[in-house]
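Descriptive analysis of the structure
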Amino acid sequence: MEELLNEVVPQEDLERFERKYNHEHELDGEVTTETKFEYAFCLVRSRYTNDIRKGVMILEELARLHPEGRRDYIYYLAFGNARIKNYAEGLKYCRAFLEIESNDQVRSLEEYIKKQSDKEVAKGMAVAGGAALVLGGILGLGIAMARNKQKREK
């Protein structure tokens, strides 16, 4: 799963679908559902976080307005959120997908997201623990220096 999440869309594909999206938008202010999905599909596979976020926003709109494609939209919402380390949202979309249908690839994505989320929590705890140790050390040093100063003054 990690290999799939790290795979990026070729820049020329992203640019081609962006041009198509912008062209439709310029013609009559409307973009077809198919073009929005193609563009969002490329965006969530981009190497750039802002592109991925934009793809997620388009997919959220599609999922809300077009229930007939909801299955695909939800999968790529989980995928995009996992790529930007928004694990809580990614898990939410995996679970929503699995309510619609059972799918091994989505289960694999869900497991990957859970593992990554657990790693992030562990990192956070390690950082917090390290910070507490440093703070304790500084406090201890301050107390020792204060006592030393008191002894010298006597």
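Our subject is the structure that appears above.
Now for a quick tour of the structure. (Residues numbered from 1 in each chain as written. Predicted model: local features only at pLDDT ≥ 70, side-chain atom pairs only at ≥ 80, totals over all residues. Heavy atoms only, no water.)

Turning our attention to the side chain of E38. Among the structural elements, E38 can be located in helix α3 (residues 33-43). Under the relative-accessibility criterion, E38 is labelled buried at 18%. Within the local environment of E38, its side chain forms a polar contact with the side chain of K20, the two groups lying 2.9 Å apart. Excluding anything up to four places from it in sequence, E38 contacts F17 and K20. (Helix = DSSP H or I, 4+ residues; strand = E, 2+ residues; numbered from the N terminus. Buried < 20%, exposed > 50% of the residue type's maximum accessible area, 1.4 Å probe, protein only. Polar contact = N/O pair within 3.5 Å; in protein donor to acceptor, adjacent residues only side chain to side chain. Contact = heavy atoms within 4.5 Å.)

The next point concerns the environment of R83. Within the secondary structure, R83 sits in helix α5 (residues 70-83). Residue class for R83 comes out buried when judged on its relative accessible area of 18%. Separated by 38 residues in the primary sequence, R83 and R45 have C-alpha atoms spaced 8.3 Å apart.

A word on the pattern of salt bridges. In the structure shown here, the tally under the stated rule is eight salt bridges. In this structure, D72 engages R71 in a salt bridge whose closest nitrogen and oxygen atoms are separated by 3.0 Å. The partly exposed category is assigned to R71, whose relative accessible area is 33%. Where E89 meets K92, a salt bridge forms, and the shortest distance between an N and an O atom there is 3.1 Å. Here E89 and its partner K92 are both found in helix α6 (residues 87-100), three residues apart, which amounts to about one turn of the helix. Here E89 falls in the partly exposed class, since its relative accessible area comes to 24%. Residue K92 is classed as partly exposed on the basis of its relative accessible area, which comes to 43%. The structure contains a network of salt bridges with shared partners spanning R71, D72 and E101. (Salt bridge = Lys/Arg side-chain N within 4 Å of Asp/Glu carboxyl O.)

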